[in-house]
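Spelled out from the first residue to the last, the chains are:
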Amino acid sequence: MTSAADPATSQDASIAAALEAVLLLADEPLSPQVLAAVVQASTEQVLAACDALAAEYESQGRGFVLARVAGGYRYQTAPSQDVHVERFVREGHGVRISAAALETLAVVAYKQPVSRHQVAEIRGVNVDGVMRTLGRRGYIEEVARLPGPGQAVLYGTTSQFLEHLGLDSLDDLPPLGESVPDPDAVEALERRLRVVPDAEGPHQDQDPDPGGAAGSGP
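Conventions we followed
- Residues numbered from 1 in each chain as written.
- Predicted model: local features only at pLDDT ≥ 70, side-chain atom pairs only at ≥ 80, totals over all residues.
- Heavy atoms only, no water.
- Axes fitted to C-alpha atoms, helices over the stretch in contact; angles between N-to-C directions.
- Helix = DSSP H or I, 4+ residues; strand = E, 2+ residues; numbered from the N terminus.
- Parallel < 35°, antiparallel > 145°, perpendicular 65-115°, else oblique.
- Contact = heavy atoms within 4.5 Å.
- Nonpolar A, V, L, I, M, F, W, Y, C, P; charged D, E, K, R; others polar.
- Phe/Tyr/Trp six-rings, centres within 6.5 Å; stacked < 30°, edge-to-face > 60°.
- Buried < 20%, exposed > 50% of the residue type's maximum accessible area, 1.4 Å probe, protein only.
- Pairing = 2+ DSSP bridges.

A.B. asks: Is there a simple way to explain the packing of helix H5 (residues 99-111) against helix H7 (residues 128-136) in this structure?
C.D. replies: Two quantities define a packed helix pair, namely the angle between the helix axes and the distance between the axes. Orientation of H5 relative to H7, taken along the N-to-C sense of each, is 80°, at an axis distance of 10 Å. When the axes of H5 and H7 are compared, the pair comes out roughly perpendicular. Between H5, through Ala100, Ala101, Thr104, Leu105 and Val108, and H7, the contact on the second element is made entirely by Val130, Met131 and Leu134. Counted by class, the contact of H5 with H7 contains seven nonpolar, one polar and no charged residues.

In structure tokens, the structure reads:
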């Protein structure tokens, strides 16, 4: 005689299937709270189901993973398939962001909140065009303003930046390494740059893609 299915196991399978369907349709990471509301389950059930799905995909050696990114969950390619994904990109199926934009984005990511003037001093070039491009692509945004005269805009990275890098939070950014000066040294350098500016001023960074036609991800 066949025993009846365990109701708890059946419910878990139903939640997992619903999560897979919703996440396949999503074009951005979905938070556990949003997923819970959509699949009509508790946040704890959603977290447990996502962990179980992620472990299942990993154990099966699938070409995709369920990753926690920017505070939510999404499907993305497995790190073990990076060589194939990179070949796909190199062969023209995707377009990369310019080197100037990458350098500027790195400064914002590690120094934020930071003003456009501070980024220009650190890089030694005019970054106005590149900053506009990064803003159009949704990688950086205005996060605050400096007090006092002028109230310069301060910039930081966005959730889209975390999403494209596959990070859950800024704490997951890789360390800069021992070869990079410590924050005190960087601050001292910036003060010196402000006191003794280049006589000719910073040269202009030429972003090869001022219209934002470069790739959708760094």
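A.B. asks: Looking at this structure, I do not really get the packing of aromatic side chains. What am I missing?
C.D. replies: One pair of aromatic rings is described through two measures. These are the centre distance and the angle between the planes. In total, this model carries three aromatic pairs according to the counting rule given. Taking the centre distance of 5.9 Å and the plane angle of 55° together, the rings of Tyr57 and Tyr75 count as tilted. Pair noted here: Tyr57 is in helix H3 (residues 43-60) and Tyr75 is in strand E2 (residues 72-77), with a separation of 18 residues, a long-range link. By the burial criterion, Tyr57 is buried, and Tyr75 matches it.

A.B. asks: Looking at this structure, how should I read the pairing of E2?
C.D. replies: Along any regular strand, the residues point their side chains to alternate faces of the sheet. Note: strand E1 (residues 64-69) against E2, six bridges, orientation antiparallel. Note on E2: the bridge partner recorded for Val69 is Gly72.

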